[in-house]
Each structure stands twice: as structure tokens, then as C-alpha cells.
Amino acid sequence: MTAALYLGREGVETLVIEKAGLGGQAGITQTLDNFPGFDEGVSGAEFASRLTRQALKFGAEILQAQNVTSIDQDGQYLCVYTSDGKEYGAKAVLLATGARYRRLGIPGEEELIGSNVHFCATCDGAFYKGKKVLVVGGGNSGFEEGLFLTKFASRVDIVEFLPQVKASKILQEKVAEKETMSVTVNHAVKELRAKNGKLDAVIVEDRATGKQKEWQYDGVFVFVGFSPNSDLVKGKAEVDQWGSVVTDKTLMTSIPGLFAAGDVRAGSTKQAASAAGEGAAVALMMRQYLAEK
Amino acid sequence: MTDSRLTPETITVYGTGWCPDCKRSKQFFGEQRVPYHYVDIDHDADAMVFVEKTNKGNRSIPTIVFPDGSVMVEPSNAQLAEKLGMQISAKRAFMMPLSSAADRLA
């Protein structure tokens, strides 16, 4: 979105195609506390809304609820295909598809996504007023989202696969202070048992003893890291071992005219401020590229 | 007396846990960050009667009721996007590297 407002302001015809909510991951963050210039923090929703208005003000056109199915080279142009069968052409395209929460890949997960398995506390936490939820993942995301869930749920437990959690000390202290939260380490979630489309039990294994246990929860929130949304260019552009898109010093991928910025890019820092910075930088690189063509 | 369910304060999705289109619609609202209220008609007899009454006796789900009183039954994502006023296709098919200010103002 930052790149769109920069390019729009420069008079470049700019089209943004977004599948989900505008503003990406930042838009679903409860509060952005460390975005420069917002000394009292700003809610992710407000930030996304302001960013959208700013891009529109400078002439960017924004499509919503639209899925890009393919990006192909056609001579010196790039063609972007969308799920409604439309095709858009441009000399330069920016891949800013971000990253998504990684899934557990265990039995029952797929079936329960959207009903009892969630990846966004801000989006779905309110459904668990007075209920008991399990957060899978002991990193910063798991702890932050777990703390947020205590606004609604009467009980929030965190389970971590490793023998120790990876969340920052400050977050660990905040969680320890909450009477309605607990942390269990060294347990692997093996199955989310479903019954009639609802979560029946969480099957976990104590990795120290190998003993299986059945836990009862109303809902499960999964925060076990990110996967870059790079499927569109896999097999076409160079990606690293984690699937992140490799760029050169101008933030251009191995496909001429296709740039990448933000969480999808190899070497990105997964921070809203750095994603915005990359957006501004890539806009200038794209302008330079277009000027030379 | 008018049924208050026909003019909810927030979008209300009537569905069940086993219905794939209900899941898709809920996912759509979630992804687009549109607040909604979900009612599982398998666990709410009154809601089931409301859905049947709204759909001429059929238990068609998802039945989605909007605050303006309109009702959508088994809508596609494109229909939901249109209902929410989202732009889903662009004005032009090719993006020019530089457009003149006059063009942009036109």
C-alpha cells in the first residue's frame, strides 16, 4: 500500500489487487505500538484505513476480495490474472503478498478451520466470551494473541512444542501475571478431534514421556510462525529454502519487471515499519525501472 | 409484529458447523474484517424456524441478514463483495507507466 501511494503520487497508473482485508497483517494487529510517529500507538484497523485513504487520494485503484491466480511474462510486459477471469497488464508488478500464519498440518485442523480453529485473535476472539481456549505456539505472536484473548475467554492456555518458549521476557512476565493463563512446554499437538463439525478434543503428546493426553477446549488459536505467500511465483522466480522470494539490490526478483517487498521477500524483517520502508524503496526502484524501459 | 431478526445491528450469518458454504461466507467476512454475528441453527431452534420462514419453508443456509434488512441466501463471495460495496474489477486492463495529470483528473 505504501508503494501504491508513492507510485500514484508520481502519476504512475497503479492498481492494487487484494484478496483479504486491506493493510495486510498490520490491519489485524490490535495495536501498533512501535510504528514511528505514533507515540500513543495506533490500532491496526485505523492504520490500514488511513493507509488505504492515502493511496486512494493519490490515484491508486484498489480491488478488494479479488484473488490473483497467476503472474506471467508476455514479452516486455507482465500479465496478472485474477480469479474472475480478468487479465491486467503492466511493465512492472510488485509482489507484496506478505506471509500467512503457518498451519499445524495435523488431522482435524482443516475441517475445523473457521469453526473452532483460528489464526487471528482480533478477528475471532470475541466468539469465545467466557469460554476456554488453547493457543498453540510459544513465540511472541502466541503470547501476544493469548494475552489479547483474555479479554474474552475465561481461560487461555498456551502450549509449546519445544522444551522452552521463545516469547520475549516482557511477554512471559505479562502472561505469568495472569491468573487465567498457563503455559505448557514440550507438548506436541497431534490431533484436533472433530465431532459433527465441532472440536471434541485436543490430542497432545507429552514429548518427555511419550504419553498421550486429551484436552478439552472450546477453541484453538494457532500461532506457529509464518510462511511466505510466494506460491504465485514458485517455479518461476527464485525463492530461498523457506520459500521467500529472492530479490536483487533494487528489490527486483529474477523475473524482469517483477519486484517484491515486505514479508514475502527473502531477508525481510517482518515488521510493519520496515515493510512500509521497503514499500517506499521499491516504488522508487520501480519508477527507475520504468523510466529506463 | 416485525421480526427484529430482520434488522440486526450487525450482519448475521445463520448456518451450521457442517455446511461448507457457511464456512466460506464466515471466512469471507473474517478475511475482509467485516464484523458479523454467527448463529448456529443446529443449536438454536428459534433461529431454525426463522431461516425456514425466511426461505419459504426451506432450511437454506447460509442465510445472511444485513442491518439494512436485506437477506442473501447462499451468496457467492463476489455477491457478498458487491453487497459490501467493494470494487472487484479495474477500470482499465493495462497500467501505463506514467499518466498525465489531466488523465487522472478526467
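Preceding this paragraph is the structure being described.
The rules behind these values
- Residues numbered from 1 in each chain as written.
- Chains lettered and ligands numbered in written order.
- Predicted model: local features only at pLDDT ≥ 70, side-chain atom pairs only at ≥ 80, totals over all residues.
- Heavy atoms only, no water.
- Disulfide = S-S within 2.5 Å.
- Buried < 20%, exposed > 50% of the residue type's maximum accessible area, 1.4 Å probe, protein only.
- Salt bridge = Lys/Arg side-chain N within 4 Å of Asp/Glu carboxyl O.
- Helix = DSSP H or I, 4+ residues; strand = E, 2+ residues; numbered from the N terminus.
- Pairing = 2+ DSSP bridges.
- Right-handed = clockwise from strand over helix to strand, strands pointing away.
- Contact = heavy atoms within 4.5 Å.
- Nonpolar A, V, L, I, M, F, W, Y, C, P; charged D, E, K, R; others polar.
- Patch = residues over 30% accessible without salt bridge, like charges linked within 9 Å, V, L, I, M, F, W, Y side chains within 5 Å.
- Areas by Shrake-Rupley, 256 points an atom, 1.4 Å probe, with all protein chains shown as cover.
- Core = buried A, V, L, I, M, F, W, Y, C linked by side-chain atoms within 4.5 Å.
- Axes fitted to C-alpha atoms, helices over the stretch in contact; angles between N-to-C directions.
- Left-handed = near helix turned anticlockwise from the far one by under 90°.
- Expected span 1.5 Å × (residues − 1).

### Comments concerning the state of the cysteines
Residue and element names in this part refer to chain B. Within the structure shown, the criterion is met by 1 disulfide over all chains. In this model, Cys 19 is linked to Cys 22 through a disulfide, with the two sulfur atoms separated by 2.3 Å. The S-S bond linking Cys 19 to Cys 22 shows a torsion near 90°; that makes this disulfide right-handed. Of the two residues, Cys 19 and Cys 22, both sit in the buried class.

### A short note on the pattern of salt bridges
Summed over the entire model, instances satisfying the criterion amount to 17 salt bridges over all chains. Asp21(B) is the partner of Arg24(B) in a salt bridge, and the nearest nitrogen-oxygen pair spans 3.4 Å. In this pair, Arg24(B) and Asp21(B) both sit in helix H1 (residues 20–31), 3 residues apart, roughly one turn of the helix. Through salt bridges that share partners, Arg193(A), Asp200(A) and Glu214(A) make up one connected network.

### Some remarks on the pairing of strand S1 (residues 11–15) of chain B
All names here are of chain B. Counted residue by residue, S1 has 5 buried out of 5 residues, so it is predominantly covered. Taking every second residue as pointing to the same face, both faces of S1 are buried, with Ile 11, Val 13 and Gly 15 on one and Thr 12 and Tyr 14 on the other. By the bridge criterion, 5 bridges tie S1 to strand S2 (residues 36–40) in an arrangement that is parallel. The residue bridging Tyr 14 from the neighbouring strand is Val 39, located in S2. Viewed along the sheet, the connection from S1 through H1 into S2 turns out right-handed. Bridging between S1 and strand S3 (residues 63–65) involves 3 bridges; their strand directions are antiparallel. Looking at the pairing, Thr 12 lines up with Val 65 of S3.

### Notes on the interface of chain B and chain A
Counting from both sides, the interface comprises 27 residues of chain B and, opposite them, 41 residues of chain A. The tally of links between chain B and chain A comes to 3 salt bridges. When the shortest N-O distance is used, the salt bridge between Lys198(A) and Asp40(B) registers 3.8 Å. Elements with a minimum of two residues in the side of chain B that touches chain A: H1, S2 and strand S5 (94–95) of chain B. Per element, the largest residue contribution to the side of chain B that touches chain A is 5 residues, and it comes from H1(B). Classifying every residue of the side of chain B that touches chain A gives 12 nonpolar, 7 polar and 8 charged. Taken together, the 2 bridges between strand S7 (residues 87–90) of chain A and S5(B) define a ladder with parallel strand orientation. When the sheet's bridge partners are listed, Gly89(A) is paired in S5(B) with Phe94(B).

### Here's the deal with a nonpolar patch on the surface
Together, Leu6(B), Val71(B) and Val73(B) line one region of the surface with nonpolar side chains, adding up to about 180 Å² of accessible area. You can see Val71(B) is positioned in strand S4 (residues 71–73).

### A word on the nonpolar core
All names here are of chain A. If you look at the biggest cluster of nonpolar residues, it comprises 36 residues, and the most contacted ones within it are Leu 134, Val 189, Leu 192, Val 202, Val 220 and Phe 221. Within the residue set of this core, elements represented by two or more residues are strand S11 (132–136), helix H6 (140–149), strand S12 (155–159), helix H7 (169–177), strand S14 (187–195), strand S15 (198–206) and strand S17 (219–222). If we ignore the near neighbours within four places in the chain, the residues touching Phe 221 are His 118, Cys 120, Ala 121, Asp 124, Gly 125, Tyr 128, Val 133, Leu 134, Val 135, Val 136 and Leu 149. In terms of nonpolar packing, the next biggest core, distinct from the first, is built from 20 residues, Leu 78, Leu 95, Val 233 and Val 264 among them.

### Topic: helix H1 (residues 2–9) of chain A
All names here are of chain A. Among the 8 residues of H1, 6 are classified as buried, and the element is accordingly described as predominantly covered. What H1 keeps buried is the set Thr 2, Ala 3, Ala 4, Leu 5, Leu 7 and Gly 8. Downstream of H1 by a residue or two, Gly 11 has a phi angle that is positive, lying close to 90°.

### Thoughts on the packing of H6(A) against H7(A)
Residues and elements named next belong to chain A. Where H6 meets H7, the closest approach of the two axes is 10 Å, and the angle between their N-to-C directions is 35°. The interaxial crossing formed by H6 with H7 has left-handed handedness. Here H6 contributes Asn 140, Phe 143, Glu 144 and Leu 147 to the contact with H7, which in turn contributes Leu 171, Gln 172, Lys 174 and Val 175. Across the contact of H6 with H7, the residue classes tally to 4 nonpolar, 2 polar and 2 charged.

### Structural notes on H1(B)
Residue and element names in this part refer to chain B. With 12 residues, H1 should cover 16 Å at 1.5 Å per step; its first-to-last C-alpha distance of 16 Å lies within 8% of that length. At its buried positions, H1 is contacted by S1, S2, S3 and helix H3 (77–83). Arg 33, located one to two residues past H1, shows a positive phi value of around 55°.

From the geometry alone we can't say anything about function, so treat these as descriptive.
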